[in-house]
Every structure is written in structure tokens, then in C-alpha cells.
Amino acid sequence: SIRTAPPDQAEAVLGDIIGVSPPMQDLFSMLRRVAPSPTTVLLRGESGTGKELVASAIHRLSTRADAPFIAVNCTAIPENLFESELFGHEKGAFTGAVTRRPGRFELADGGTLFLDEIGELPPPMQVKLLRVLQERVVERVGGMKPVPVDVRLVAATNANLEEMVEHGSFRADLFYRLNVVPIRLPPLRERPSDIPVLTRHFVVKFAERLDRRIDGLDDDLQRALVEYHWPGNIRQLENIVERMVLLASEDRLSLDDLPTEVESGERDPEAGVDTVGGETPLPDGNLKDIVREHTQQLERDLILKALQEDDWNVTHAARRLGISRKGLQLKMKDYDLRGREASA
């Protein structure tokens, strides 16, 4: 049978990763199965999808949870310092090495080492890393004696390592050694039902940190956040919410608080959002009334589309739209969408 993390432990650890969408539930299921093993894991996903948070969860759900978790961002280390940072150095190994210093592998002994952006590892270091993974020993810079290490490796990348292997910039043997269990982290645009949940979490977090009173978000703002394509993923959403909370002039966040780059940015085409431009004439009337009318029509169209694509299964359509089943039923009543008899 497949060993999994204890339910109570898994619930406590995974509770720190916010996600109610189907892609995130699949991720949680994979983490429960993979984390307790000593197997190397390769996390793949766009920048800002939470790879270090997932790596930490893997460590906390493993049998190594009481040992160190050491995180290394490969993009933050100058190329000439990689070997010393990862493997340590002896006193006098180079100018400035006034004492012996253990590397990250030694510091993570018995625990987990997380190498973020592994695709940035210089070719000479790829050879040395492969040797460590194969032989489970490191040699400090300037040292002659191998030092045994017992480390579970979790690597992460937003690069296409297969293409890098094909082009010769990443070693094929190291890629196969790392790619034992690949886990893909979904970008935020593929999990729209998580956006309101994440937004509320960040609002509470920053309201407390910045000592601001924020009672919530209005519907138009939430809709705009869900429709945006979030190229920076969760990290971008977190930064945007912090800015809105800090600069908000009212107790409730609204579209007026939305930064320009999000308000005018590209929308996710899957959301079915139409843009007005070209030779479309500007309608007459009060701006707020015009916006309200178009917003209501857009909302009705989106709801109808979701219901039709899910064969009028209200539960599935609500999940697709990122709202509660009861909330969807109320909106169906407001827009006179009565099952299969509704017309566009």
C-alpha cells in the first residue's frame, strides 16, 4: 500500500496552502503521497506560484520534519560563489576564507534542501551536484576529505528543462536524477475559484499588519480580480492587495482602489470578457449607469455560459465561477435563468 502522511498532520500542513479549486485538490493529494518518501521532487511552475511554500510542506509532511529545511535561490548566488555556498569551504581556501564554513548541504543534513530555480545552476556546478546526489558526499572548497550528507532534495524551476537539455545548457543525467517525481503547480489563471479566497486571506493579513480597518471587497472589484490573467501569479496578487489595503480611502475596497496595471491589463480570454474599442461608439448616459448595465449583462452572460457548459449542473457551474452554490442560485433568480428553458 502507498504510505501517506497522517490525516491530522496533513490537514494542518496543507491548511497553510490556500486552495479550494480542483487543481489544488489534486496537488494536495499528490503531496500526501509523495512527502513521506525520501524521493527527489522537482516542482515545476511559473514564477510566483508558491514553489517554496510547497517545498516546505513536503518537508513538514516527511519523516525529516524535525530536521532542518534549507532553501537556496540559485538566481541569488554569484556564479563564482556557488561551490562555496552549496558545499562549504575550509579556512584559507581562498581570499577572505578566514574560518571553516559548512555549505548548505551540510546545514541540511538529515533534513531537506530546496534548490529554487535549478535551471540557473552553472554547468560546472551541475556536474558537482550530480556527484553529490549519486555518492551522498560533499567536498568543501579547499578540503581533501569527503563529508557524508543525508539530504532529501526538492528542486524547482520555471524553465523548460527539456529544452535546456536539448540545447546543451542543462545536463541530461542531472535532469533525469531530479525528475523522479515532477509536480506541476498550476498558475493562478487556471484556478480562478481560489482568487477570492486568496484575496480575503491577504486582506486580513495586511489589514492587521498595516493597522487598517478593511471590511471587505465589493463585487465589481472581486470580479475584476478573477478576470485578470495574473502573469505574476500569487506573488503579484499579494503585492496588489497589500497596495490596495495601504492606500484605501474607505473601509471597503472597491474598483477605485485597483491599481492601473490590473484595471487596464489583459483579461483572461477564458473568462469570456469582451473589450470595447475600435470604432465602437461611446454610449450616452451616466457613466456609472452604463458600467452597471454592461456589468450586469456580462455577469448574466458568464453565468449562462458556465451553466450551459456544465449541462446546467449548478454545483459544477458555481465551482467554475468561483462562487457558492447558493450565491449562484440567487443570481440565476435575479437574471431569470431557469434551467434549460433560459435563453441567451
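Model, not experiment: these values are computed from the prediction.

1. Examining the packing of aromatic side chains
In this structure the tally under the stated criterion is five aromatic pairs. Centroid distance Tyr228 to Trp230: 4.7 Å. Interplanar angle 90°. Geometry classified as edge-to-face. For the pair Tyr228 and Trp230, a shared accessibility class is recorded, and that class is buried.

2. Topic: the pairing of strand 8 (residues 152–157)
Among the six residues that make up strand 8, six are buried, leaving the element largely enclosed by the rest of the structure. Two elements, strand 1 (residues 41–44) and strand 8, share four bridges in a ladder whose sense is parallel. The residue of strand 8 that forms the bridge with Arg44 is Thr157. The sheet contact formed by strand 5 (residues 112–116) and strand 8 spans four bridges and is parallel. By the bridge assignment, Leu115 is partnered in strand 8 with Ala155.

3. Quick look at the sheet that holds strand 1
Strands sit in the order 2-5-8-1-9 across an open sheet of five strands; the sheet is parallel. In this open sheet, the two edge strands, each paired with only one partner strand, are strand 2 (69–73) and strand 9 (181–184). The mean inter-strand angle of the sheet, taken between neighbouring strand axes irrespective of direction, is 20°. Summarising the sheet, strand 2 and strand 5 pair through five bridges and their orientation is parallel. Each residue of the ladder has a partner; that of Ile70, found in strand 5, is Leu113.

4. Remarks on the nonpolar core
Counting 31 residues, the largest nonpolar core has Leu86, Phe105, Leu113, Leu115 and Ile118 as the members making the most contacts within it. Put simply, the parts of the chain that give this core at least two residues each are strand 2, helix 4 (82–87), strand 5, helix 6 (123–135), strand 8, helix 7 (161–167) and helix 8 (172–178). No other element matches the five residues that helix 6 contributes to this core. With near-sequence residues (within four places) excluded, Phe105 lies in contact with Leu86, Phe87, Leu113, Leu129, Val132, Val138, Val149 and Val151. Among the nonpolar cores identified, the runner-up in size contains 25 residues, and Ile18, Leu217, Trp230 and Val241 belong to it.

Analysis parameters
Residue numbers run consecutively from 1 along every chain, following the written order of its sequence. The predicted origin of the model limits local features to residues at a pLDDT of at least 70 and limits the giving and counting of side-chain atom pairs to 80 or more, whereas totals for whole chains, interfaces and linings rest on all residues. Computation of side-chain values covers all heavy atoms of the structure but excludes hydrogens and water. For Phe, Tyr and Trp, where Trp contributes only its six-membered ring, two rings pair if their centres lie within 6.5 Å, and the inter-plane angle classes them as stacked under 30 degrees, edge-to-face over 60, or tilted in between. Only protein chains enter the area calculation, which uses a 1.4 Å probe; residues under 20% of their type maximum are buried, those over 50% are exposed, and those in between are partly exposed. Helix and strand labels come from DSSP, where a helix needs a run of H or I of at least four residues and a strand needs a run of E of at least two; each type is numbered from the N terminus. When DSSP finds two or more bridges between a pair of strands, those strands are recorded as paired. Orientation is described by axes fitted as lines to C-alpha atoms, over the contacting stretch for helices, and by angles from 0 to 180 degrees between their N-to-C directions. Only buried residues count toward a nonpolar core. Its members are Ala, Val, Leu, Ile, Met, Phe, Trp, Tyr and Cys residues joined through side-chain atoms within 4.5 Å. Whether two residues touch is decided by their heavy atoms; if any such pair falls within 4.5 Å, the residues are in contact.

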